[in-house]
Amino acid sequence: MERTFIIIKPDAVQRGLTGEIIRRFEQRGLRIAGLKFMQVERVLAEAHYAVHKERPFYKSLVEYIISGPVVAMVLEGTNAVAAARNTIGATNPADATAGSIRGDLGLEIGRNLVHGSDSVENGEKEIALWFKPQELVSSWERSTDPWIFERR
Ligand code: IDP
Ligand code: MG
C-alpha cells in the first residue's frame, strides 16, 4: 500500500483546522498509519526542507514550521501521494482550486496549512525522518477498506 507523509502546519493548528483537515483526508478514503502532535525542533525542520536550502524563502519557511505545534501524519492508500496532493491543492492557495484544503481555507503561500510528500520516494524518506517504525500502525484492517479499495 502506497504511503505519504503529511504535516498539518502551525497556522492550521492555531486556527483550529486540525479536525477539518484530517476529516478531508479520511473522507477521501486515505487510511491513517501514524499520527502525532509535536513541537518541531529546528534541526528536523531544516532536514525536512533541505531541498529548499538555497531558496530565498528557506529561512522564513523553517521559522514558520517551528512557530507552533504541528500534527505529523502518515496516510496510506491507492496512489496515496497523488491523492493527498490533490486534496491539499496547489502550493499557492491563490492558485488552489476550490474544494482543495488550500483553496478553501488559505490565501497566502507562506501560510498554506499543509505539507504533503511530492513523490513515493520522498514520502518514504520523510516518513523515516519523522517517525520511528514502532510509531506506525501500517496495513491495519479498516472495516470500510473493501468499500474503498477494490481488490482484483
Ligand atoms: P509544496 O508544499 O506544495 O510541496 P514546495 O515547493 O515544496 O511546495 O515548497 C515548500 C513550502 O515552502 C510550501 O508549502 C510553502 O510553505 C513554502 N513556499 C514555497 N514557495 C514559497 C514562496 O515563494 N514564498 C514563500 N513560501 C514558499
Ligand atoms: Mg514540496
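Calculation criteria
- Residues take numbers from 1 onward in each chain, read along the sequence in its written order.
- For this description, chains carry letters from A and ligands carry numbers from 1, given in the order in which they are written.
- Only residues with pLDDT of at least 70 get local features here, since the model is predicted, and only at 80 or more are side-chain atom pairs given and counted; chain-wide, interface and lining totals rely on the full set of residues.
- In computing side-chain properties, one takes all heavy atoms of the structure into account and sets aside hydrogens as well as water.
- Here a strand is any run of E in DSSP of at least two residues, a helix any run of H or I of at least four, and the numbering for each starts at the N terminus.
- Radius of gyration means the value over C-alpha atoms here, while the globule rule gives 2.2 Å times the residue count to the 0.38 power.
- Burial classes: relative accessible area under 20% of the type maximum marks a residue as buried, over 50% as exposed, and values in between as partly exposed (1.4 Å probe, protein chains only).
- Contacts were defined at the residue level, with two residues in contact if any of their heavy atoms lie within 4.5 Å.
- The method behind every accessible area is Shrake-Rupley, applied with a 1.4 Å probe, and residues are considered shielded solely by the protein chains displayed.
- In this charge count, Lys and Arg are treated as positive and Asp and Glu as negative; neither His nor the chain ends contribute.
- Where a charge sits is defined by one atom per residue type, namely NZ (Lys), CZ (Arg), CG (Asp) or CD (Glu).
- Being near a molecule or strand, for a residue, means having at least one of its heavy atoms within 4 Å of it.
- Whenever two N or O atoms come within 3.5 Å, that pair is a polar contact, provided that in protein one can donate a hydrogen and the other can accept it, and provided that, for residues adjacent in sequence, both atoms are side-chain atoms.
- For this scheme, ten residues count as nonpolar: Ala, Val, Leu, Ile, Met, Phe, Trp, Tyr, Cys and Pro. Four count as charged, namely Asp, Glu, Lys and Arg, and the remainder, Gly too, count as polar.
- Any two strands with at least two DSSP bridges between them are considered paired.
- Here, axes are lines fitted to C-alpha atoms. For helices the fit covers the stretch in contact, and angles between N-to-C directions go from 0 to 180 degrees.
- The arc in question is the one spanned by the directions pointing from the helix axis to the C-beta atoms.

Enquirer: Could you clarify how one ought to interpret the overall build of the chain in this entry?
Expert: Looking only at helices and strands, the chain features eight helices and four strands. Listing the helices and strands of the chain from first to last along the sequence gives β-α-α-β-α-α-β-α-α-β-α-α. Relative to the 2.2 N^0.38 estimate, which gives 15 Å for 152 residues, the radius of gyration of the chain is 15 Å and therefore close to what a compact globule would have. When the backbone C-alpha atoms are referred to their principal axes, the chain occupies close to 50 × 35 × 25 Å. By residue count, 47% of the 152 residues in the chain fall in the buried class. Across the chain, contacts joining residues at least 24 apart in sequence account for 76% of those joining residues at least 6 apart. Total accessible area on the chain is roughly 8400 Å²; 53% of this is exposed by carbon and sulfur atoms. The centroid of the 20 positive side-chain charges in the chain is displaced by 1 Å from the centroid of its 20 negative side-chain charges.

Enquirer: I tried to follow the site of ligand 1 on my own but got confused; where do I start?
Expert: All residues in the neighbourhood of ligand 1 are listed as Lys9, Tyr49, His52, Phe57, Leu61, Arg85, Thr91, Arg102, Ile109 and Asn112. In this structure, His52 approaches ligand 1 through a side-chain N or O atom, which is 3.0 Å from an oxygen atom. In this structure, Arg85 approaches ligand 1 through a side-chain N or O atom, which is 2.7 Å from an oxygen atom. Out of a free accessible area of 530 Å², ligand 1 has 78% covered by protein chains. For the shell around ligand 1, the class distribution of residues is four nonpolar, three polar and three charged.

Enquirer: Would you take a moment to explain the sheet that holds strand β1 (residues 3-8) for this structure?
Expert: Consider a sheet: its strands pair through backbone hydrogen bonds, and that pairing is either parallel or antiparallel. Here four strands make up an open sheet; going across it, the order is β2-β3-β1-β4 and the pairing antiparallel. Unpaired on one side and paired on the other, β2 (31-38) and β4 (114-116) mark the two borders of the sheet. On average, each strand axis in the sheet is tilted by 15 degrees relative to the strand beside it, whichever way the strands run. Relative to β4, β1 runs antiparallel, the two being bridged by three bridges. Its bridge partner lying in β4, Ile6 is registered against Gly116. The strands touched by helix α5 (residues 80-88) within the sheet are β1, β3 (70-76) and β4, with β1 carrying the most contacts at an inclination of about 30 degrees.

Enquirer: Can you walk me through the pairing of β3 in this structure?
Expert: Along any regular strand, the residues point their side chains to alternate faces of the sheet. With seven of seven residues buried, β3 is to be regarded as a mostly interior element. Going residue by residue along β3, you find Val70, Ala72, Val74 and Glu76 tucked away on one face and Val71, Met73 and Leu75 tucked away on the opposite face as well. Summarising the sheet, β1 and β3 pair through six bridges and their orientation is antiparallel. When the bridges of β3 are listed, Thr4 appears paired with Leu75.

Enquirer: Help me out: how do you make sense of helix α4 (residues 58-65) in this one?
Expert: The periodicity of an α-helix, 3.6 residues per turn, causes residues three or four positions apart to be oriented the same way. Along α4, the residues that are buried comprise Tyr58, Leu61, Val62, Tyr64 and Ile65. Down the axis, α4 shows its buried residues gathered within 160 degrees of arc, on one side only. At its buried positions, α4 is contacted by α1 (10-14), α3 (42-48) and β3.

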